[in-house]
Amino acid sequence: MDEQSVFIAGAAGEGIQTIGDVVARAFLAHGYPVFAVQEYESRIRGGNSTHRLRIASAPANAPRRDADVLLALNPEARNHYAVDLRAGGTLVASEAVDEQTIVVPFHDLAVEHGGSGLYANAVAAGALAAVLGLPIEIVVRTLAAAVARHGDAAVAGNTSAAKAGFEVARATLGGRAPKPLPKRENVYAFLSAHDVIPLAAAAAGCRFMSAYPMSPSTGILTAFARDPELGVFVEQAEDEIAAIEMALGASAAGARAMTATSGGGFALMVESISLAGMIETPIVVVLGQRPGPATGLPTRTAQEDLLFAIHAGHGETARLVFAPADPQDAIEKTVRAFDLADRYQIPAIVLSDQFLADSRFSLPALSLPSEIPDAHLADPNTIDGEYRRYALTEDGVSPRLYLGQAEALVYLDSDEHTEEGHITEDVRVVRPSMVEKRLEKGRRLRGEVAPPSRNRDEDAETILLGWGSTKGAIDEAVARLRGKGRRVGALHFTELWPLPEIAWRDDVDYWTIEGNATGQLARLLASDGGLRIEGRIGRYDGLPLDAATIVEALA
Amino acid sequence: MDEQSVFIAGAAGEGIQTIGDVVARAFLAHGYPVFAVQEYESRIRGGNSTHRLRIASAPANAPRRDADVLLALNPEARNHYAVDLRAGGTLVASEAVDEQTIVVPFHDLAVEHGGSGLYANAVAAGALAAVLGLPIEIVVRTLAAAVARHGDAAVAGNTSAAKAGFEVARATLGGRAPKPLPKRENVYAFLSAHDVIPLAAAAAGCRFMSAYPMSPSTGILTAFARDPELGVFVEQAEDEIAAIEMALGASAAGARAMTATSGGGFALMVESISLAGMIETPIVVVLGQRPGPATGLPTRTAQEDLLFAIHAGHGETARLVFAPADPQDAIEKTVRAFDLADRYQIPAIVLSDQFLADSRFSLPALSLPSEIPDAHLADPNTIDGEYRRYALTEDGVSPRLYLGQAEALVYLDSDEHTEEGHITEDVRVVRPSMVEKRLEKGRRLRGEVAPPSRNRDEDAETILLGWGSTKGAIDEAVARLRGKGRRVGALHFTELWPLPEIAWRDDVDYWTIEGNATGQLARLLASDGGLRIEGRIGRYDGLPLDAATIVEALA
Amino acid sequence: MTTTQDYRSSIENQWCPGCPNYGILTALERALVALGRAPHEVCLVSGIGQAAKLPHYLRCHAWNGLHGRAIPAAIGIHVANPALTTIVTSGDGDLYGEGGNHLLHAFRRNPDITVIVHDNRIYALTKGQASPTTPRGEPTRLQFDGVEIDPAQMLATAVVHGCTFVARGFAGDLEGLSTLLARAIAHRGLSFVDVIQPCITWGKHPLAWYRERVVPVPTDHDATDRNAALSLALDSPDRFPVGVLYETAEKPVFAESYRVRVGDGPLARLPRIGRAAIQARLAAFVVNKD
Amino acid sequence: MTTTQDYRSSIENQWCPGCPNYGILTALERALVALGRAPHEVCLVSGIGQAAKLPHYLRCHAWNGLHGRAIPAAIGIHVANPALTTIVTSGDGDLYGEGGNHLLHAFRRNPDITVIVHDNRIYALTKGQASPTTPRGEPTRLQFDGVEIDPAQMLATAVVHGCTFVARGFAGDLEGLSTLLARAIAHRGLSFVDVIQPCITWGKHPLAWYRERVVPVPTDHDATDRNAALSLALDSPDRFPVGVLYETAEKPVFAESYRVRVGDGPLARLPRIGRAAIQARLAAFVVNKD
Ligand SMILES: Cc1ncc(C[n+]2csc(CCOP(=O)(O)OP(=O)(O)O)c2C)c(N)n1
Ligand SMILES: Cc1ncc(C[n+]2csc(CCOP(=O)(O)OP(=O)(O)O)c2C)c(N)n1
Ligand code: SF4
Ligand code: SF4
Ligand SMILES: [Mg+2]
Ligand SMILES: [Mg+2]
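Definitions and limits used
Residues numbered from 1 in each chain as written. Chains lettered and ligands numbered in written order. Predicted model: local features only at pLDDT ≥ 70, side-chain atom pairs only at ≥ 80, totals over all residues. Heavy atoms only, no water. Helix = DSSP H or I, 4+ residues; strand = E, 2+ residues; numbered from the N terminus. Rg over C-alpha atoms; globule rule 2.2 N^0.38 Å. Buried < 20%, exposed > 50% of the residue type's maximum accessible area, 1.4 Å probe, protein only. Contact = heavy atoms within 4.5 Å. Areas by Shrake-Rupley, 256 points an atom, 1.4 Å probe, with all protein chains shown as cover. Lys, Arg positive; Asp, Glu negative; His and termini not counted. Charge placed at Lys NZ, Arg CZ, Asp CG, Glu CD. Pairing = 2+ DSSP bridges. Donors = N, O, S within 2.8 Å, 3.2 Å for Na, K, Ca; no water. Buried area = accessible area lost by both parts, 1.4 Å probe. Salt bridge = Lys/Arg side-chain N within 4 Å of Asp/Glu carboxyl O. Polar contact = N/O pair within 3.5 Å; in protein donor to acceptor, adjacent residues only side chain to side chain. Nonpolar A, V, L, I, M, F, W, Y, C, P; charged D, E, K, R; others polar. Near = heavy atom within 4 Å. Least-squares fit on C-alpha atoms with pLDDT ≥ 70 in both. Domains from an automatic or database assignment.

Peer 1: Go over the overall build of chain C with me, naming the residues and quoting the values.
Peer 2: Along the backbone of chain C there are 11 helices and 11 strands. For 290 residues, the compact-globule estimate of 2.2 N^0.38 gives 19 Å, and chain C sits close to it at 21 Å. Along the first, second and third principal axes, the C-alpha atoms of chain C reach 80 × 40 × 40 Å. The buried share among the 290 residues of chain C stands at 66%. The long-range share in chain C, meaning contacts at least 24 apart out of those at least 6 apart in sequence, stands at 71%. For chain C, the exposed area adds up to about 9500 Å²; of that, 53% sits on carbon and sulfur atoms. Once the 28 positive and 27 negative side-chain charges of chain C are each reduced to a mean point, those two points are 9 Å apart.

Peer 1: Which residues make up unusual backbone geometry, and what values do they have?
Peer 2: Cis geometry marks the peptide bond from Trp497(A) to Pro498(A), where omega comes out at -5°. The residue Pro498(A) is located in the loop between β19 (495-497) and β20 (509-514) in this model. At Asn110(C), a position not held by glycine, the phi torsion is positive, near 60°. Among the structural elements, Asn110(C) can be located in the loop between α5 (100-109) and β4 (114-119). At Ala255(D), a residue that is not glycine, the phi angle is positive and equals roughly 75°.

Peer 1: Help me get a handle on the sheet that holds strand β7 (residues 188-191) of chain B, residues and values and all.
Peer 2: One open sheet accounts for 3 strands, arranged β14(B)-β7(B)-β11(C); its pairing is antiparallel. Looking at the sheet topology across the chains shown, the edges are occupied by β14 (361-363) of chain B together with β11 (286-287) of chain C. Where β7(B) and β11(C) come together, 2 bridges link them in antiparallel fashion. By the bridge assignment for β11(C), Tyr188(B) is matched with Val287(C).

Peer 1: Outline the coordination of the magnesium ion (ligand 6), supporting the account with residue identities and numerical values.
Peer 2: By definition of the ideal shapes, a tetrahedral metal site with four donors has angles of 109.5 degrees and an octahedral site with six donors has angles of 90 or 180 degrees. All names here are of chain D. Bound to the magnesium ion (ligand 6) are the protein donor atoms Asp 92 (OD), Asn 120 (OD1) and Ile 122 (O), situated 2.0 to 2.2 Å from the metal. Taken in chain order, the donor set of the magnesium ion (ligand 6) reads D-x27-N-x1-I. With relative accessibility at 6%, the residue Ile 122 sits in the buried group.

Peer 1: I'd love a proper account of the interface of chain B and chain A, names of residues and values included.
Peer 2: Taken together, the contact between chain B and chain A spans 66 residues of the former and 66 residues of the latter. Contact with chain A buries surface across chain B, with Pro293(B), Glu316(B) and Glu425(B) losing the most and accounting together for 14% of the total. For the pair chain B and chain A, the interface holds 8 salt bridges. The closest approach of N and O atoms between Glu304(A) and Arg431(B), which form a salt bridge, is 2.8 Å. Inspection of the chain B/chain A interface yields 39 residue pairs in polar contact (both at pLDDT 80 or more). Mapped onto the side of chain B that touches chain A, the elements with two or more residues apiece are α2 (75-81), α10 (263-279), α11 (306-311), α14 (430-446) and α16 (520-529) of chain B. The leading source of residues in the side of chain B that touches chain A is α10(B), at 9 residues. Along the lines of polarity and charge, the residues of the side of chain B that touches chain A split into 27 nonpolar, 21 polar and 18 charged.

Peer 1: Tell me what's going on with the interface of chain D and chain A, and back it up with residues and numbers.
Peer 2: Taken together, the contact pairs 55 residues of chain D with 76 residues of chain A. Across the interface of chain D and chain A, roughly 5400 Å² is buried in total on both sides, 60% from carbon and sulfur atoms. On the surface where chain D and chain A come into contact, there are 4 salt bridges. Notably, a salt bridge pairs Arg281(D) with Asp227(A), separated by 2.4 Å at the nearest N-O pair. Taken together, the elements giving at least two residues each to the side of chain D that touches chain A come down to β2 (61-64), α3 (70-80), α5 (100-109), α10 (256-262), α11 (275-283) and β11 (286-287) of chain D. Of the residues that constitute the side of chain D that touches chain A, the class distribution is 31 nonpolar, 13 polar and 11 charged. Judged from the 3 bridges that link them, strand β15 (residues 411-413) of chain A and β2(D) form a sheet pairing that is parallel. Paired with Tyr411(A) across the two strands is Ala62(D), which belongs to β2(D).

Peer 1: Explain the site of ligand 1 to me, using residue names and the numbers behind them.
Peer 2: Close contacts around ligand 1 come from 23 residues, with Glu240(A), Gln50(C), Asp92(C), Gly93(C) and Asp94(C) the closest. With respect to ligand 1, the chains having nearby residues are chains A, B and C. The separation between a nitrogen atom of ligand 1 and a polar side-chain atom of Glu240(A) is 2.5 Å. Within the backbone of Gln50(C), one N or O atom sits 2.8 Å away from an oxygen atom of ligand 1. The fraction of the free accessible surface of ligand 1 (590 Å²) that becomes covered by protein chains is 98%. When contributions to the shell around ligand 1 are tallied by element, the ones reaching two or more residues are α4 (92-98) and β5 (122-123) of chain C.

Peer 1: With reference to specific residues and values, describe the site of ligand 3.
Peer 2: Around ligand 3, the structure places 13 residues, and the nearest of them are Cys16(C), Cys19(C), Gln50(C), Cys199(C) and Ile200(C). Each of chains A and C places residues near ligand 3. Looking at the shell around ligand 3 residue by residue, the classes come out as 8 nonpolar, 5 polar and no charged.

Peer 1: A description of the relation of the copies chain B and chain A should follow, citing residues and the corresponding values.
Peer 2: Rotating chain B by 180° about the axis while translating it 0.0 Å along that axis superimposes it on chain A, leaving an RMSD of 0.0 Å. Such a turn and shift between the copies fits a two-fold axis. Minimal C-alpha separation from the rotation axis in chain B is found for Ser527(B), amounting to 2.1 Å. Here 100% of the interface residues in chain B have copies in chain A that are interface residues too; the copies meet face to matching face.

Peer 1: Which residues make up the pairing of strand β8 (residues 191-196) of chain C, and what values do they have?
Peer 2: All names here are of chain C. Of all 6 residues in β8, 6 are buried, a share of seventy percent or more. On β8, burial covers both faces: Ser 191, Val 193 and Val 195 on one face and Phe 192, Asp 194 and Ile 196 on the other are all buried. As defined by bridge partners, β4 adjoins β8 across 6 bridges and the pair is classed as parallel. Across the sheet, Asp 119 pairs through a bridge with Ile 196, a residue of β8. Where strand β7 (residues 165-170) meets β8, 6 bridges bridge the pair, whose relative direction is parallel. Across the sheet, residue Phe 170 finds its bridge partner in β8, namely Ile 196.

Peer 1: So what's going on with the domain arrangement of chain A? Which residues, and what values?
Peer 2: Interfaces are often sized by the accessible area lost when the parts come together. Residues and elements named next belong to chain A. Taken as a whole, chain A is organised into domain 1 (4-176), domain 2 (191-363), domain 3 (377-448) and domain 4 (453-553). In this structure, domain 2 and domain 3 have C-alpha centres spaced 25 Å apart. Contact with domain 2, which involves 23 residues of that partner, is made by 22 residues of domain 3. The contact between domain 2 and domain 3 buries some 1900 Å² in all, and 56% of this surface belongs to carbon and sulfur atoms. Together, Met 278, Glu 280 and Tyr 344 form the three largest contributors to the area buried by domain 2 at its contact with domain 3, with a combined 36%.

Structure, rendered in structure tokens:
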């Protein structure tokens, strides 16, 4: 099949979520991978939003900025998104804009055939099936499964409505109607990165999650609450400071713990990040980025908090900053974040963003890392004499007991402290050695972090440098540019701090591609990687980076 | 005279503050400049602390790490600081350690001659006068002036006690007694940087100060409260978030406003720094640094928060980061911070530290900048039609009215907003233009910041790069190294963000000298200045950098 | 004369159609008109949430700041420009959750501002988590098996702190609410009004459910009697006394002593302290020769 | 058997000689011994301030964290390891000022921890600024002409929130305080004890002044009577009723439903969820062919 980019546009509350869901699942059931992006406003009802499906024969897990098909549930949405419909694309709407419009009176057909306006979404899904060449039976089955719990009447209403939408659209398409797509045997998992972070955390032994709701990370908290079998204690804190402090307390008392927030909430956690560094207590913080500053665009995406995450907190401490590229990577990074936070007794920050939170990828299979190490706790039987929570060691890591683990007493202290964990004012010996201890962990960590992933960089003359959620778009851009004969490759960072050591080549032009305006990766590579870049591409409008934008910028 | 480094050592509450004060003022009255450093623990009574005086013929406003004279008020302090007394130096104590000890029974002499143990400090001051060649009359007059408000008996008691201390010490010194120093005509101001920040702020038109107590910045809050004639509204907030939010509210309503804190409190203000950037409301924040992470060493000094200050806050915004070098510079930077914050409608962060807060410099004269611009407010009469708080302009700066200034309505919004200040979801046009507007201010600011000050860099082969409070130590190190024939110079930064543009030379070795362990200036110069440094010297024990340490490290 | 027309904003309202927030908006508009305040004499202050969008929908000055931080910002605004009628209008999550500490300490300060809490017992904008006022046992989109902790008692907390005006309002009673808000705004000192505002999207009970349970504060209620006020203030699961619970004029207003010194104008209009005065203070650091 | 000796720490005490903090320290030590708690069964949690140094001076587990953040940390500790007797011991500035929001919401949660406030009505470690409990009018090293706002009423706030154990203690009464603390620690649920602890360095009144004004809670006081508790809880300028003001056992303890599911052991000892269970959940994202 030809790839199809479908924008389902409407107001919040109108059902674009459901329509997209049904169409996507129907395609997946038919053997076609779908990539689904949510674009919406910060409100509960009204406004303009889209559910964007990218349907292809092989997974294309990156956003498209233009639509081949625009289905608009209302005139305002239709006008608003008309510019995104490519020339020659198909508009599906309740009323004609021009002769090409596939007119499908969603509401009226729903009333007529389903018996209620409530089935307008089914009409729309049916219409899309016709436009896209998807057999209506599959849509009907998918719909039926989705609404089964509402009873037979709902199933029947939806079925008739979907069929009506299908028929009307097909009739209007006439000769333009595509032939039905053949069924394929391929099977995909369809999910977002935030769908798997809670599962990966639980697999890593996370036992405690406290957070304060904030888009785009609220779903992580909710997922734990929805699945009590995971055994994770879940608490909605009174504010973000309480959220991270509860988690740190729990961690110190032996529970692997995490929190999740966005930039504004993370800003409130900054003092506690510094605390975690000082008391050497592991903690995992998911920072779901959205465009700032301040409240910014709460439901949109950005990569603006990389340097903030690296430098957040007063004083100097070791930490990890990861930025997964996709759901499978999110599983791995989450597990690794728990493991390394625990092993080095440091805070680990996982940088996600609204795009990763809300976009569903089609992936052939998902897997947990083959090994998930246990908590790196000390064996109390090996402790001789008084326990020293901050015992000086070669690698800076002290044997860790949790509060109440054994008779050995554990002192955790936010002041500069002795090896025993007591306040010290010894500036001659203790202070310098504790500073070196804590920073030695960072030096060791630099040996742990993974280098950037490589994509056709060997013979490249231009190398694109990206991080986190933009991998799909950048890889697609590389493929397209290669298609045009450009010797382009990419290096993609998902482990950003400590910055892995990289041997830069001096025969290539390096470009950074980021979802921000100031070039944060570029600055990081200059300060800590010794790289001078050739140019940078930044997107900062709140929408995810896409391949076309990158290709154009490099033209 | 030969330079004298005097450590007055004792427990908190024992009076080293008073002794040092009296001796310093007596020297100053006699025409000799004094540099006084406070080194103390985070407690109210007990522990080990010193008041360190550096007395010379010409101002030597930098710390010395060793003592020529150690006066110890108790045996523990004597033992603790004995290592700091240089070989051949003079120990003054109540009991003999060896034959060289100048034994002065502070308490007993006070009881005997003053009639009360309370006068032990006067005995100690008198003894120091003998050891240092300071005429006792001057000490007596200084003491009398200091205690006059306690009545005649106090004056008499102090006088007799001081004289007794002087006589006993002189007798013990015998032939070692120095001859009395001649009186000089020089006159100095004796003060710390935090003494002048409130005055400079008031001169700059500051009208509102809200803060939460935190060492080393509490004194700034207190100074405003102590001097109501400054006309500044002073409020102790319930926490640091409230402190900065009150100040921002006041600023938006037309009052030039500030707050002051340390790293831990600043960490809590980070979300509001981002807010200030978004709502384009000026604010001045003094960040008095102390060693971290977390509570760290609350009463000691450090330069660990430079990169934190530059990157604090989610999202991307323009800001200023200054770091004054001394009290005169603190006046200028404070005034400039208010002016530029106002002119560019941004947050300005003034990085101070415990060393600047608690050390008193001797300076020939202090002056206010010759021009102190008024608030850069718009004239409401020039507003046509609906007022647009965030009107797009070439330089990114919109004409600013404060809340309630005129009939024109002012909307301030932490969401991404239209020119009028209303929530927007327009990602196509409004968002990108607002991002560019805010960042354009940063680009313009780069043309405003002052380059580093230069010290013998023209013919230097090695250039020391420093920032903020270490200037005195670095300049002294340059002089000493030049004295040894080394071609050394220095560039000193007090305006750090935006980083001024500098033309680096490739025939010199650049070294950074900082009060931290990770080389924050070095990383900043790499990321934003394009400089690769040769080496770096960091001090991170909580004590201020001194010339000897720098000279040794470069040997 | 000011009319409601003067307050009408052309900004598109983002609330759900039928939300009781509209009732608060209209009541506030009426109260301001009734008090004869012109739009430029009024400043609305809010945090983040559905409720917190209100300032965009009235034509007057506005600060729409960070989640939870409306109160300290309003206090700063109030001190800097006391000529402005400063009104906080934000959500229960915003003012009782994230911003709880500021409200607590505002009760102590008694600034001359009005605080209107849109108490929908839910975090609406983030899609239905418990707020500090969600009753124990009530299931939400996060607390699936019901909230397991007790609701906050902010009205009672206000009373025990001697907050000078404490009231409960009901968004479903336009008439009563506008009168109540006018009284609150006219009161000198901190006026704290918790307005029952049932969320029709995420809430458990429709407006009608509350309408049946809302009762006026008894006519013989003595609003200066702290104990009487307390028993009306404390949450009861199914009776909501609406009206002024507590009122006293006995306390100094925040910043009063400062105002006595500098006068009542906006701080921006005060003359800057003279150079000479600062220079004299700088000169005082000179240690004079003796 | 545990003796006070087991709790003796060799760490140098940094408090001023004669400070009533020593009384709290000793009373706490005695209470723990009286309850038969061994040091490794106890975890002290504090913020920053003079009071907050206490955990260093008792031999048991300790978390000396950030200023104002003892409560949430203690709640996390309590949930993760309920076997520990978790006791917050910190200052009035720490718990009522910076940390006010956490205490407020802790009242709602009712975690099984004890909160001991060293209420010296001052910020001692930062050298004498007003704390939230400094009485109006009292001059300090920052409020030179006297504090101009009302003190916080945290005992009363606890009572109106139905905090399950609310008490006032006096650091000058070792006997009474150790008994009171033992009761507080033994109580299941949140025990909140505000201890009058006159600072002899920055405080306005010596211990003796308080001693004259401290009175025991009347013997006929019904600690389950909220109104009676409130009148004892509210600040009066010169009478301090000491003892248990309010107590109830009626409320579930925080995290109870979770405990029912996972048992009472430390979370660290629970077996990790199986790979298979996670893999099954991951597999559920696969959209099956129809
Ligand atoms: C620091 C921070 N944390 C969290 C959020 C996310 N957030 C936005 S609105 C909201 C809750 C709003 O609830 P409420 O104040 O009751 O307003 P409502 O939407 O119910 O009117 C939250 C948690 C935020 N914007 N900032
Ligand atoms: C975030 C933060 N703000 C401010 C401080 C400074 N600080 C340390 S102790 C203290 C006040 C302590 O008062 P209180 O809790 O009453 O304890 P006390 O010293 O009176 O026993 C303050 C403000 C800090 N350490 N951290
Ligand atoms: S979500 Fe609830 S509170 Fe928000 S506008 Fe809709 S009905 Fe009103
Ligand atoms: S300053 Fe006050 S509270 Fe602190 S130890 Fe000394 S007497 Fe006690
Ligand atoms: Mg709400
Ligand atoms: Mg205190």
